[in-house]
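Each chain is listed here by its residues.
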Amino acid sequence: MKLWVNGGLHDEEAARVSVLDHGLTVGDGVFETVKAERGETFALTLHLERLARSARGLGLPDPDLDEVRRACAAVLAANPMELGRLRITYTGGLSPLGSERGDTGPGLVVAVGATSRRPDTTAVITVPWTRNERGALTGLKTTSYAENVVALARARERGASEALFANTVGQLCEGTGSNVFVVLDGRIHTPPVSSGCLAGITRALAVEWTGAAETDLPLEVLESAEEIFLTSTLRDVQAVHRVDGRELAGAPGPVTAKAMRIFEERAAADRDPKLG
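Note that the structure is predicted; figures quoted are calculated from it, not measured.

1. What to know about the overall build of the protein chain
Okay, so step 1: What the protein chain contains, in helices and strands, is six helices and 15 strands.
Okay, so step 2: In summary, the protein chain has a C-alpha radius of gyration of 19 Å against a globular reference of 19 Å for 276 residues, a match within 12%.
Okay, so step 3: Dimensions of the protein chain, computed from the C-alpha atoms along their principal axes, are close to 55 × 40 × 35 Å.
Okay, so step 4: Per-residue burial for the protein chain yields a buried fraction of 50% across its 276 residues.
Okay, so step 5: Looking at the protein chain as shown, the accessible area adds up to about 12,700 Å², and 52% of this sits on carbon and sulfur atoms.
Okay, so step 6: Positive and negative side-chain charges in the protein chain, numbering 30 and 37 respectively, have mean positions lying 2 Å apart.

Structure follows, in structure tokens:
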């Protein structure tokens with residue numbers, strides 16, 4: 001395995017970042033996960049635009065997106081695989097052992113790992129912890145991911161692949177690494193970004209391609225929704241067949257199945273789609 005670390009490709013054994021990197025010591029970094037099929041990325045431009053937005057939100061200098069593209073291409077060429085999870089990590093770089101940043105500049109790491117196609121349906125749970133829709137990191141895809149690690153571990157313990165959060169006012173928000181959609185009276189709804197959820201790339205494409213409505217929803221909607229599905233880079237559109245103890249018979253339902261089909265067809269027709 002070869003990885004891109006701060007300017008060039010390195011063998012896995014030699015790929016190193018400093019133990020004083022701010023991304024390690026205080027989680028001062030942002031990242032993107034991009035799907036790559038046989039070396040071809042999906043929606044890379046949208047992911048890089050969000051990487052830059054997240055960096056600005058943390059006060060990091062804008063990443064050199066041309067360099068990031070070169071790094072992605074180099075890593076994919078050096079590590080051929082059928083289906084890959086391409087990970088771009090951009091950090092505060094070498095810094096003192098505290099919240100203040102150093103002056104050596106940011107760090108960039110690009111790596112890829114093999115993955116497999118997700119099943120058409122999955123189980124999820126809800127968790128008692130909340131997303132803070134008014135926090136400093138709200139809407140940013142940062143490396144401060146420990147909350148998600150804890151929640152996902154609980155989901156795995158309960159035979160589920162994802163955990164869903166409410167926000168601080170009890171509205172449905174998002175999963176640890178996914179956005180959530182529900183079907184009510186035959187219409188698709190998803191929480192708005194103002195709920196505190198991440199503005200997912202797959203979420204945005206699914207909203208545009210299916211005509212889903214962005215709606216404030218109580219967490220309890222999961223108890224009555226006709227259908228539920230998740231979106232994320234590696235899930236695409238994935239139906240939910242169980243929420244906590246509630247079984248959704250026949251998942252994927254007809255509305256979700258149509259959304260899955262639309263997304264697959266549109267994604268196959270344009271590997272670097274734009275929004276709007």
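2. Notes on the pairing of strand E1 (residues 2-5)
Okay, so step 1: Pairing of E1 with strand E2 (residues 8-11), which is carried by four bridges, proceeds in the antiparallel orientation. The residue bridging Val 5 from the neighbouring strand is Gly 8, located in E2.
Okay, so step 2: If you look at the hairpin formed by E1 and E2, you'll find two residues sitting between the two strands, and Asn 6 has a positive phi there, around 45°.
Okay, so step 3: The pairing of E1 with strand E6 (residues 107-114) spans two bridges and is classified as antiparallel. Residue Trp 4 lies in a different strand from E6, and its bridge partner there is Val 110.

3. Here's the deal with unusual backbone geometry
Okay, so step 1: Ala 251 connects to Pro 252 through a cis peptide bond whose omega is 0°.
Okay, so step 2: Mapped onto the fold, Pro 252 is located in the loop between strand E15 (246-247) and helix H6 (254-269).
Okay, so step 3: Phi is positive for Arg 38, close to 50°, though the residue is something other than glycine.
Okay, so step 4: Here Arg 38 lies in the loop between strand E3 (29-37) and strand E4 (40-41).
Okay, so step 5: Arg 38 gets classed as exposed once you look at its relative accessible area, which sits at 59%.

4. What about the sheet that holds E6?
Okay, so step 1: Read from one edge of the open sheet, six strands run E2-E1-E6-E5-E3-E4, paired in antiparallel fashion. The open sheet is flanked by E2 and E4, the only strands paired with a single partner.
Okay, so step 2: In this sheet, strand E5 (residues 83-91) lies alongside E3 in antiparallel orientation, the contact comprising nine bridges. Looking across to E5, one finds that Glu 32 is bridged to Ile 88.
Okay, so step 3: Lying on the sheet, helix H2 (residues 44-58) is in contact with E3, E4 and E5; it crosses E3 at an angle near 175°.
Okay, so step 4: Sitting on the sheet, helix H3 (residues 65-78) is in contact with E1, E2, E3, E4, E5 and E6, with an inclination near 30° to E6.

5. Some remarks on the packing of helix H5 (residues 201-210) against H6
Okay, so step 1: Across the interface, H5 lies against H6 with an axial gap of 10 Å and an inter-helix angle of 105°. The pairing of H5 with H6 is recorded here as roughly perpendicular in orientation. Contacts between H5 and H6 pair Thr 202, Leu 205, Ala 206, Trp 209 and Thr 210 from the former with Ala 259, Ile 262, Phe 263, Arg 266 and Ala 267 from the latter.
Okay, so step 2: For the contact of H5 with H6, the per-class residue count stands at seven nonpolar, two polar and one charged.

6. With respect to the nonpolar core
In a soluble, globular protein the nonpolar side chains are often hidden away together inside.
Okay, so step 1: In this structure, Cys 72, Leu 86, Ile 88, Tyr 90, Leu 108 and Val 110 are the most contacted members of the largest nonpolar core, which totals 23 residues.
Okay, so step 2: Elements with a minimum of two residues in this core: E3, H2, H3, E5 and E6.
Okay, so step 3: Cys 72 has contacts with Leu 44, Leu 86, Ile 88 and Val 110, leaving out every residue within four places of it along the chain.
Okay, so step 4: Judged by nonpolar contacts, the second largest core, of 19 residues, contains Phe 42, Ala 43, Val 183 and Ala 259.

7. Considerations on the pairing of E5
Okay, so step 1: Counting buried positions along E5 yields seven of nine residues, so the element is predominantly enclosed.
Okay, so step 2: Pairing of E5 with E6, which is carried by eight bridges, proceeds in the antiparallel orientation. If you follow Thr 89 over to E6, its bridge partner there is Val 109.

8. Digging into the packing of aromatic side chains
Okay, so step 1: What the rule picks out here adds up to four aromatic pairs.
Okay, so step 2: Ring centres 5.2 Å apart and planes at 50° place the aromatic pair Trp 209 and Phe 263 in the tilted group. Taken as a pair, Trp 209 in helix H5 and Phe 263 in helix H6 lie far apart in primary sequence, 54 residues in all.
Okay, so step 3: Under the relative-accessibility criterion, Trp 209 is labelled buried at 9%.
Okay, so step 4: A network of ring pairs unites the aromatic residues Phe 42, Trp 209 and Phe 263 as a single cluster.
Okay, so step 5: A cation over a ring is seen here: Lys 35 above Phe 42, with NZ or CZ 5.8 Å from the ring centre.

Reading guide: rules and limits
- Residues numbered from 1 in each chain as written.
- Predicted model: local features only at pLDDT ≥ 70, side-chain atom pairs only at ≥ 80, totals over all residues.
- Heavy atoms only, no water.
- Helix = DSSP H or I, 4+ residues; strand = E, 2+ residues; numbered from the N terminus.
- Rg over C-alpha atoms; globule rule 2.2 N^0.38 Å.
- Buried < 20%, exposed > 50% of the residue type's maximum accessible area, 1.4 Å probe, protein only.
- Areas by Shrake-Rupley, 256 points an atom, 1.4 Å probe, with all protein chains shown as cover.
- Lys, Arg positive; Asp, Glu negative; His and termini not counted.
- Charge placed at Lys NZ, Arg CZ, Asp CG, Glu CD.
- Pairing = 2+ DSSP bridges.
- Contact = heavy atoms within 4.5 Å.
- Axes fitted to C-alpha atoms, helices over the stretch in contact; angles between N-to-C directions.
- Parallel < 35°, antiparallel > 145°, perpendicular 65-115°, else oblique.
- Nonpolar A, V, L, I, M, F, W, Y, C, P; charged D, E, K, R; others polar.
- Core = buried A, V, L, I, M, F, W, Y, C linked by side-chain atoms within 4.5 Å.
- Phe/Tyr/Trp six-rings, centres within 6.5 Å; stacked < 30°, edge-to-face > 60°.
- Lys NZ or Arg CZ within 6 Å of the ring centre and 35° of its normal.

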